[in-house]
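Per-entry structural report
Here is what each chain is made of, one letter per residue.
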Amino acid sequence: MLNRLTGCVNLRLAITLSRVARAPNPRELLNAAELALPDPEVWFVYEYAVAVAWFLLMPVLGLFCIGAIALAAYVGQREAEGAVTRVLYFATAFCLVGGLDAAWRTWLVQLARRRYRRNGRAFDSPVRRLMKVAAINDLTLALQVAAGIVSAVVLR
């Protein structure tokens, strides 16, 4: 049902744009918009780099927070030590969920890339579907923040 609704909205948008642009056939605009998907080869390199960056950021933040905990312990501030520990837990969970999400998206793009190569570099329906699922959305950030808050509260 949702797919039909989205298709109707896309077609209506294409019709409206064709009237504004005075294009003869609105379906051509819709097809051109669907073909504007990124190349799976390039998208795979991007997703792989994002996953590596998340997993490299996690230990760097961890080392920074361990240094801050040691500094707070040296100064003798137990409250600061507890706050820095919570920040460490938040940052670690945030980066871990970001890295896992990026790794999952990399796997999806890898599947799309294999199919894209096997079909002679053609965007068929499964490739388009995999690329759309692999696109970044706002749910990832919400999951990262939620995981960070839960770990900061639960793991004291």
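Our structure's up above, just so we're on the same page.
Scope of this entry: the structure provided in the associated data block.

Cut-offs and rules
Numbering of residues begins from 1 in every chain and follows the order in which that chain's sequence is written. The model is predicted, so local features are restricted to residues of pLDDT at least 70 and side-chain atom pairs to those at 80 or more, both for listing and for counting; the totals for chains, interfaces and linings are taken over all residues. The basis for every side-chain value is the complete set of non-hydrogen atoms in the structure, without hydrogens or water. By the criteria applied, helices consist of DSSP H or I runs no shorter than four residues and strands consist of E runs no shorter than two, each listed in order from the N terminus. When accessible area is computed with a 1.4 Å probe and restricted to protein chains, residues below 20% of their type maximum are described as buried, those above 50% as exposed, and intermediate ones as partly exposed. Asp and Glu count as negative and Lys and Arg as positive, but His and the ends of the chain are not part of the count. Basic side-chain nitrogens of Lys or Arg form a salt bridge, by our definition, when they fall within 4 Å of a carboxyl oxygen of Asp or Glu. Any pair of residues with heavy atoms lying within 4.5 Å of one another is described as a contacting pair. Within this scheme, the nonpolar core is defined by two criteria: the residues are buried Ala, Val, Leu, Ile, Met, Phe, Trp, Tyr or Cys, and they are joined through side-chain atoms within 4.5 Å. Helix axes use the C-alpha atoms of the stretch in contact, all axes being lines fitted to C-alpha atoms, and the angles between their N-to-C directions lie in the range 0 to 180 degrees. What sets the label is the angle itself: under 35 degrees gives roughly parallel, over 145 gives roughly antiparallel, 65 to 115 gives roughly perpendicular, and the rest give oblique. Helix crossings get a hand from a simple test, with the near helix turned counterclockwise from the far one by less than a right angle marking a left-handed crossing and a clockwise turn marking a right-handed one. Amino acids are sorted into nonpolar (Ala, Val, Leu, Ile, Met, Phe, Trp, Tyr, Cys and Pro), charged (Asp, Glu, Lys and Arg) and polar (every other residue, Gly among them). Under the convention used throughout, the expected extent of a helix is 1.5 Å for every residue step, that is, one less than its residue count. The patch calculation keeps residues exceeding 30% relative accessible area without a salt bridge and links them within 9 Å when they carry like charges or within 5 Å when they are nonpolar (Val, Leu, Ile, Met, Phe, Trp, Tyr). Surface accessibility follows the Shrake-Rupley procedure with a 1.4 Å probe radius. Residue values consider only the protein chains on display as shielding.

Right, let's get into the overall build of the chain. The secondary structure content of the chain amounts to six helices and zero strands. Order of helices (α) and strands (β) in the chain, N terminus to C terminus: α-α-α-α-α-α. Residue burial in the chain is summarised as follows: out of 156 residues, 29% are buried.

Moving on, we get to the side chain of glutamate 47. Position of glutamate 47 among the secondary structure elements: in helix α3 (residues 40-75). Notably, glutamate 47 is buried but unbridged: the nearest opposite-charge side chain belongs to arginine 105, and the N-O separation is 5.3 Å. For glutamate 47, the contacting residues outside a window of four places in its chain are Ala102, Arg105, Thr106, Val109, Ala134 and Ile136.

Moving on, we come to the nonpolar core. The biggest cluster of nonpolar side chains holds nine residues, and these are Trp43, Phe44, Leu108, Val109, Ala112, Tyr116, Val127, Met131 and Ala134. Elements supplying a minimum of two residues to this core: α3, α4 (78-118) and α5 (125-134). Contacts of tyrosine 116, omitting those with residues within four sequence positions, involve Asp39, Pro40, Glu41, Arg121, Ala122, Phe123 and Val127.

A word on the packing of α3 against α5. Running from amino to carboxyl end, α3 crosses α5 at an angle of 25 degrees, the nearest separation of the two axes being 12 Å. Classified by the interaxial angle, the pair formed by α3 and α5 is roughly parallel. As for the relative orientation of α3 and α5, their crossing is left-handed in sense. Residues Pro40, Trp43 and Glu47 of α3 lie in contact with α5, whose contacting residues are Val127, Met131 and Ala134. Here the residues of the contact of α3 with α5 are counted per class, giving five nonpolar, no polar and one charged.

Bringing α4 into the picture now. When the terminal C-alpha atoms of α4 are compared, their 60 Å separation across 41 residues agrees well with the 60 Å that a helix rising 1.5 Å per residue should span. Looking one or two residues beyond α4, the residue adopting positive phi is glycine 120, at roughly 70 degrees.

Okay, a nonpolar patch on the surface next. Together, Leu141, Val145, Ile149, Val150, Val153, Val154 and Leu155 make up a nonpolar patch on the protein surface, roughly 610 Å² of accessible area in all. If you trace the backbone, leucine 155 turns up in the segment after α6 (138-154). Owing to a relative accessible area of 45%, leucine 155 belongs among the partly exposed residues under this scheme.

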